[in-house]
Structure formats: structure tokens, C-alpha cells
Amino acid sequence: MSKHHPFARLALAGIAALLPVVTAAMQQELPVIQQDIEVAIDRLGDAELSATFTLPAAQWRLWNQTYGQNEYLLKRDFEHQFSAVVLHDFKLERDEMNRTATLRMKGAATAEYRGNGTWEAELEKGARGTRVSDTVWQFSKSTVEGGAILQQTFRVSLPKGARDAEQVNGEFGVPVLRYTLRPERRSPWLLLGGTVLGVAGLTLLLLGLLRRPARA
Amino acid sequence: MKRTILLASGCGFLVASAALIVAHFVTAPAPGHVSMQIEVKPAVMTSAYKVYANRAAGDGRYWLAKIILKNEGGRVLENLETSFQVPGHIAWTTPRKHPALLPGQTAVALFYPRFPDSVASKTTNTTEQVEFRLAYDGKGGRHEESRQVGFQMRGRNDMIYTTLPASEVVSAHDLYENTDLLAAFVTPDDPVIKYFVQQLEQKVLGGTGVGAGADVEETLRFMRAVYAYWVASGIVYAGTEGLPERSGDSISMIQHVRLPREVLVGQAGLCVELATLFASIAQAAGLEPVILTTEQHAYPAIKVGKNLIPIEATAVGMPGRGKGYGAASFEHAVRIGQANLQAWLQGRGESVIDGKVVMQPGMPIGWYDIAELHQQGIVPPELPDDPVLKQKIDDTLAALLGGRRASAQAETPPRQAAQPPEPGVAGSAYSDPRGHFVITIPAGWQAATMPYPAMPALALQAMDRSSGNGLEVYVFEGAENVYGAMSVIQQAIGSSGGVVRFAASGTATLGSKSFTRFEGSTYFPATGSGTEWEAYARAADNLTFVATVGTTPGQLAARRAYLRQIIRTLRVRA
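Residues numbered from 1 in each chain as written. Chains lettered and ligands numbered in written order. Predicted model: local features only at pLDDT ≥ 70, side-chain atom pairs only at ≥ 80, totals over all residues.

Draft legend 1. Spotlight on the overall build of chain A. Along the backbone of chain A there are five helices and eleven strands. Relative to its 216 residues, chain A shows a buried fraction of 35%. A sequence separation of at least 24 residues applies to 58% of the contacts in chain A between residues at least 6 apart. (Helix = DSSP H or I, 4+ residues; strand = E, 2+ residues; numbered from the N terminus. Buried ≥ 20, exposed ≤ 12 C-beta atoms within 10 Å, placed from the backbone. Contact = placed C-beta atoms within 7 Å.)

Draft legend 2. Here's a closer look at the interface of chain A and chain B. Residue-level contacts link 44 residues of chain A with 48 residues of chain B. Only helix H2 (19-26), helix H4 (72-81), strand S5 (111-115) and helix H5 (189-210) of chain A provide two or more residues apiece to the side of chain A that touches chain B. Take the side of chain A that touches chain B: its biggest share by element is 13 residues, from H5 of chain A. Partitioning the side of chain A that touches chain B into residue classes produces 24 nonpolar, 14 polar and six charged. (Nonpolar A, V, L, I, M, F, W, Y, C, P; charged D, E, K, R; others polar.)

Draft legend 3. A look at the packing of helix H4 (residues 191-203) of chain B against helix H7 (residues 271-284) of chain B. Residues and elements named next belong to chain B. Across the interface, H4 lies against H7 with an axial gap of 9 Å and an inter-helix angle of 65 degrees. Here H4 is positioned roughly perpendicular relative to H7, judged by the angle of their axes. Handedness of the H4/H7 crossing: right-handed. Across from Ile-193, Lys-194, Phe-196 and Val-197 in H4, the residues of H7 making contact are Ser-280, Ile-281 and Ala-284. Of the residues assigned to the contact of H4 with H7, the class counts are five nonpolar, one polar and one charged. (Axes fitted to C-alpha atoms, helices over the stretch in contact; angles between N-to-C directions. Parallel < 35°, antiparallel > 145°, perpendicular 65-115°, else oblique. Left-handed = near helix turned anticlockwise from the far one by under 90°.)

Draft legend 4. View of the sheet that holds strand S4 (residues 77-85) of chain B. Residue and element names in this part refer to chain B. Spatially, S2-S8-S7-S4-S5 is the arrangement adopted by the five strands of the open sheet, whose pairing is mixed. Bordering the open sheet on either side are strand S2 (43-45) and strand S5 (96-101), each of which pairs with just one other strand. The mean angle between the axes of side-by-side strands here comes to 30 degrees, regardless of whether they run parallel or antiparallel. Two elements, S2 and strand S8 (residues 141-154), share three bridges in a ladder whose sense is parallel. Residue pairing across strands places Ala-43 opposite Gln-152, the latter belonging to S8. (Pairing = 2+ DSSP bridges.)

Draft legend 5. Representation of the packing of H5 of chain A against helix H1 (residues 2-26) of chain B in the model. Between H5 of chain A and H1 of chain B, the least distance of the axes is 7 Å, while the angle of their chain directions is 160 degrees. With respect to each other, H5 of chain A and H1 of chain B are oriented roughly antiparallel. The two elements H5 of chain A and H1 of chain B meet at a crossing, and its hand is left-handed. Partitioned by chemical class, the residues of the contact of H5 of chain A with H1 of chain B number 17 nonpolar, nine polar and one charged.

Draft legend 6. Structural detail: the confidence of the model for chain A. Averaged over all residues, the pLDDT of chain A is 79; the fraction at 70 or higher stands at 83%. In this model residues 1-28 of chain A is a low-confidence stretch, pLDDT under 50, and it forms 73 contacts with partners more than four residues away in sequence or in other chains. (pLDDT = per-residue confidence, 0-100.)

Have a look at this one:
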């Protein structure tokens with residue numbers, strides 16, 4: 001079948017394959033579909049993902065035909081598309097009245113630790129991002145998918161404390177969002193406090209021993 | 001007094017110091033501990049060996065092994081290295097480095113195997129091992145672990161339509177979830193195919209090619225020439241075949257699909273083989289082929305701008321079957337293709353021309369844009385040049401151009417229009433004593449109720465000994481699982497020494513109730529006997545029905561219409 005980004009599949013699997021034929025047959029203006037995708041990455045590189053979209057009537061019917069009775073198919077499609085991520089805790093919320101759906105899931109290993117405090121999260125090919133703040137990046141993409149113009153907005157939130165984020169080409173030639181975040185280390189205060197107290201105790205003890213006992 | 005205070009304070013500070021230092025070590029986290037979860041694909045297609053090597057192909061879904069590592073301990077694990085090998089094919093890969101795995105962190109190692117080109121000539125199936133090695137710095141120094149998991153390496157002609165576990169297969173779409181790899185059977189860069197196209201353009205099309213940017217008229221001219229060559233050179237449709245095999249814990253629908261060069265020279269092909277051959281030739285000529293699939297069929301089409309020109313490649317016919325099975329004209333082949341496409345678009349399983357059903361390809365499954373799939377990395381194997389095959393092409397073209405022109409076309413009616421008359425079912429109605437079903441047993445057939453105590457689900461068996469036609473009705477109580485019921489029957493016959501193979505082939509409505517249709521065969525190697533059959537299965541209200549009608553091997557196609565008349569008399573309670 002045609003290749004689609006998983007979020008595109010989310011909205012359009014089942015109709016995407018019809019695209020060239022439908023356009024050939026109908027030659028009509030394509031509807032526009034907006035998808036909003038939020039990805040929040042935590043300190044371990046795991047992420048919570050959500051994708052919300054609203055479909056025109058025809059696309060909503062076809063999407064329901066594909067996934068309506070078999071939501072597991074969505075999970076399988078996503079697992080195929082995100083091979084390097086461990087997806088779990090899928091949840092699909094559908095609002096039939098407004099032809100809107102939101103898919104939530106968690107993805108372990110969304111970002112990979114590359115050492116020296118550097119992390120990398122893989123992006124979709126051709127994605128170009130904009131820095132919103134130190135920890136928030138936004139990506140936009142517009143493609144023709146499944147007989148519709150698909151406008152996608154990805155908002156990626158990095159963990160608190162992340163810095164120096166930049167979009168670069170990764171190990172396999174795909175774009176990655178690289179950022180710096182030093183791994184949390186265990187607090188040394190107990191050991192440090194104990195050492196200081198020990199030194200102080202020894203000093204006091206030494207001073208006490210050097211001082212002559214008071215005469216009776 | 002001061003001395004005493006100093007000594008007491010010093011002792012107190014030392015005690016507090018000791019307490020803090022002890023607390024530091026007592027509350028220290030547990031050492032790092034890595035857990036491993038290993039997934040290995042049950043089978044790989046050697047025709048797609050280049051696909052598996054490409055991390056970018058299919059968005060990365062064609063890995064062979066996937067290792068999920070998680071640090072379940074409390075301390076960082078450092079300098080992790082993962083590597084893989086497939087003994088006999090791939091040496092240990094350069095270790096992939098993971099500088100650290102933090103407590104609670106997950107990392108994934110994927111293996112995209114780079115098989116040598118030589119696997120493209122593999123024609124048999126073998127069981128191979130993938131070995132995985134993990135090394136890391138942990139408590140007590142460097143640790144190493146390794147694991148080994150088996151997988152099947154299929155011969156180059158095996159097309160695996162699905163690799164899902166049996167329990168995951170609930171629809172026809174599930175049975176074809178791996179079908180993007182069909183693009184690996186479209187070989188425009190095969191030196192033999194390129195040579196054929198070159199010769200066709202030079203000797204038949206008068207030195208004119210088509211290529212990118214060709215309009216509808218030019219494209220049709222090229223398609224006509226290809227089709228005419230097929231008809232004139234005797235390329236025929238070889239019938240259908242799709243056999244599921246068990247592969248590990250998965251039920252995989254695997255079909256033997258010859259490479260386009262083999263079909264071109266061998267001069268016979270299944271629908272999917274003719275579709276991949278047509279697509280290969282078209283793509284080699286610079287056109288944009290597409291393959292459309294349904295539950296029981298595959299056919300090619302060519303994209304020309306926003307237009308799509310489908311062609312029913314099997315319309316070359318099966319002349320060996322006699323009158324009515326000859327080749328259709330090119331125009332009629334395109335017309336059937338258009339009817340197929342229309343049915344595909346409308347989600348129908350029947351192709352209609354002028355109100356008449358000309359084909360029953362089944363419900364639409366997929367649309368495969370070959371150039372797009374190749375661009376995604378789903379590419380065919382590297383094929384060597386073959387002067388012998390080229391010589392055969394030369395010989396065929398010389399014979400055709402010397403005698404009949406390649407533009408000669410048979411104008412006989414299409415194969416699809418020729419259906420043997422369907423005799424009626426004269427017989428007596430059989431009612432199941434439990435009231436689960438009713439079916440007509442044709443006159444002259446011998447029937448037995450629950451003939452095998454060891455298989456109580458077999459409620460009725462009837463057979464015509466003279467023709468070898470037969471029917472069976474199974475009723476499974478307390479379960480609703482069509483595929484599970486088929487597996488039980490398969491295992492029961494297997495325990496008697498029989499080999500049962502089957503594949504879902506669509507749906508059917510019997511007495512207003514919907515059934516899943518299967519096509520299959522049973523073979524007893526010890527006696528050399530067997531049957532070919534269709535099964536109709538339905539699960540509802542805690543009952544699963546499986547009714548089969550079959551006949552002797554090689555006769556199913558000819559007797560299908562009659563056997564379907566019998567099955568149409570089936571009425572089930574649930």
C-alpha cells in the first residue's frame with residue numbers, strides 16, 4: 001500500500017489506498033483534514049502521545065469501517081510504524097457527533113540516550129521544526145493522503161531541564177531532535193554531611209584531648 | 001569543663017557522621033539489572049532480502065529481530081553493546097553501542113539483516129537461527145548474555161501474505177497484511193525483462209517506446225502490444241492456488257509465486273504472477289504500474305496522469321480447457337479490468353458488464369503502487385543476466401514475427417463469460433436431529449450421521465462414490481471461532497495422517513446468513529488420495545458451523561458450480 005505516517009494512518013487508513021483512483025474518478029476539490037499531535041517526552045526518553053483529528057463525513061465513514069469494529073488494527077498499524085518504540089496503554093476516544101477522535105498512547109524509548117547527556121528523538125522524514133521555547137518544538141506538515149489534504153501539527157514537549165535542542169540528521173540519515181539533559185544522579189548530601197560531621201567530630205575530639213584536664 | 005564539652009561534642013559529631021554515612025550506603029539503590037524481551041519474525045521471504053536490510057523500508061517494519069532492553073535495577077548500566085548474527089549467512093554485526101541505560105529506561109535494538117545476494121537463488125525452505133549478544137558494564141565488571149531464536153527462511157518463490165499469529169487473524173485484511181512485499185516480485189531491472197521490453201519496442205512497436213509522460217493512447221498501444229505478445233506466444237492463465245501453511249505459531253498464507261522472468265519464459269501464470277509480469281514489463285518501459293488485489297484475485301493497471309487503465313491479465317485464458325476458455329481480445333481484457341476496478345472502488349465482490357456478472361474476484365483488499373513501494377525500499381532481488389532466457393525470447397519473437405504477427409489477437413469470448421451450466425440439486429432434505437441445520441443430500445449419495453465417534457463435531461458426511469463428490473457438516477457447540485474450528489478439523493485429519501491446507505477466500509450468504517468461505521485441500525500421503533474442497537463457516541450463538549463440499553483433486557474448478565448449488569441448500573439455526 002502507499003506509505004503513510006502513522007498519524008496519517010490514524011485518520012486515513014482504509015481510504016488512503018483509494019487516493020489516485022478517487023482523484024481520477026472525481027476530479028474534485030480535496031477536503032482538508034487537520035490533525036494535532038502532542039508528544040510529551042519525560043526524563044527517561046519515554047513519551048505520552050496523543051493525536052486528535054476531525055474528519056469529513058465520507059472519510060469518517062470509511063475510517064469507521066476500517067477501525068470501528070477492530071480498534072486493535074490501529075495498535076498493530078502503529079506498532080509497525082514505530083518499530084523502535086515500545087508502545088502501550090492505547091486509548092481511543094471517539095466523538096461521533098463531531099466526527100472527532102483522539103488516540104492516546106505511551107511510547108517507551110521514544111528518545112534514545114546517546115551518552116554525555118545527549119538524547120535523540122527520531123522525527124518523520126522531511127519534517128522541519130520551529131523552536132517555541134527551550135523545551136517545546138513544533139512541526140508542521142501538509143500532504144495529500146487518502147483523497148484529502150492532511151495538515152498535521154506536531155507539538156513536542158521535552159522534559160524540564162532539557163536544553164540546546166536542535167534538529168539534526170541522525171545516525172540513519174533521518175532527522176532527529178537532539179537535546180541535552182544530564183541524567184539525574186543520586187544526591188550526595190548524606191555522604192557529604194557525614195564526612196563534614198566526621199571531620200568536625202575528629203577536630204573537636206583532638207582539641208579536647210590536647211587540652212589539659214582542669215585541676216581538681 | 002571545656003575539655004569535657006569538646007570531647008563530648010566530638011563524640012556526638014562522630015556518631016552523627018557515622019549515622020549519615022551508614023544511611024547513605026543503606027539507602028543506596030539496587031544494582032542495575034537488565035531485562036530482555038526478544039521478538040523474531042517467524043519467516044522471511046528471500047525474494048525480499050533487500051527489503052529486510054533496509055531500515056527505512058516500510059517505515060522500518062521489516063526487521064528480523066527486535067530486542068527490548070530495560071534497566072530494572074536502581075543504578076546506571078554502562079557501555080551496552082548489542083549485535084546479531086545468522087550463522088551461515090550473516091557474521092556478527094558491528095556492535096551497536098548504547099552508552100548508558102538509566103534506571104527504569106527502555107532501549108530497543110532492531111536487527112535489519114543484510115543477507116548476501118546468493119539467497120535470491122534459494123528455492124527451498126530452511127530453518128535458520130538468529131543469535132543475539134548483549135554486553136554491558138554492571139556490578140562485578142563486564143557482563144555478556146546471548147540468545148538464539150529460530151525462524152524460517154522461505155525459498156525465493158514464496159510470497160508470505162501474512163505473518164500474524166492465527167489468533168490475530170479475524171478478517172481478510174489480516175490475511176493480507178504483509179502484501180506490500182508483493183512489490184519485491186515486480187522486477188523491472190531484471191536483465192531478461194529489460195531485454196524483452198527492448199525487443200518488443202524495437203521489433204513490434206517499430207522502435208518507439210513509451211516511458212514517463214506517455215499519454216493514454218501511447219500507453220494503450222504499449223499495453224496492447226504486450227498483451228498481443230502474450231496471446232500469440234501462448235502465455236496462459238494457470239488457475240488459482242493459495243495455500244496456508246503453519247509457520248511457527250503463526251498461520252501464514254504463503255503462495256508459490258514465480259518471478260516474472262520465469263512466467264514470461266514458462267508461458268503460464270497465476271493471476272498474481274501475470275499481474276507482476278505485466279507490472280514488471282510496464283515499469284521497465286517507464287510506465288507507472290499498480291497492482292490491485294481482492295480476496296481471490298490480483299490484476300494490474302497503469303497510472304497515466306490522473307487516469308488509471310486496468311487490464312484483466314488472466315483474460316489470456318486457459319485454452320487447454322477447451323472452447324470458452326480461449327483468450328479475450330485486448331479491448332475485452334481492458335473492459336473486464338474496468339469492471340473489476342469499478343467493483344473494487346464500490347466495495348463489491350462481483351464485476352459486472354452490461355448487467356452481467358463476468359468475474360467474482362471477491363472483496364477489495366489492497367492497492368499497490370509499485371514505483372512508490374520500490375521508492376520506499378520494497379525492492380526486488382538482484383537477478384543475474386540469463387542468455388538462455390534471452391535466447392528463448394528471441395526465438396519466440398522470431399517465430400511470431402515470421403508467421404503470425406504479434407498484433408494478432410484472438411477474438412474468442414472471454415474465459416470469464418464461459419461457465420458450465422449448473423444442474424439442479426435433486427435429492428432429499430436432511431435435518432440435523434438437534435435442529436442445528438438442514439441441507440439437501442443429492443440423490444444417489446450415501447450419507448452417514450456422526451460417522452466418527454472420535455470427532456463428534458462431524459454431524460453429517462455424504463458422498464457420491466462414482467464421482468468423488470462429497471459434503472460434510474461440522475457443528476461445534478459452545479464456541480464461536482471460525483478459524484479455531486477450521487484448525488480443529490485440520491488437526492483431527494492431521495492425526496489420521498492427512499495434510500489439510502486452506503485459505504480464506506471470501507464470504508458467502510446462505511439462506512440470508514453470512515458465512516466465511518475457505519478453499520482448501522486434503523491429502524493423505526500414505527495412500528496418495530485426497531480432495532479439493534470449499535468450506536463455509538459461520539459462528540453465532542455459541543455454535544460454529546463448518547460445511548464443506550469437495551471433489552477429487554483437479555476437478556473442483558469444473559464442479560464448483562454444482563457443489564455450490566448443494567451448499568446453497570444449507571440452512572443453519574444460528
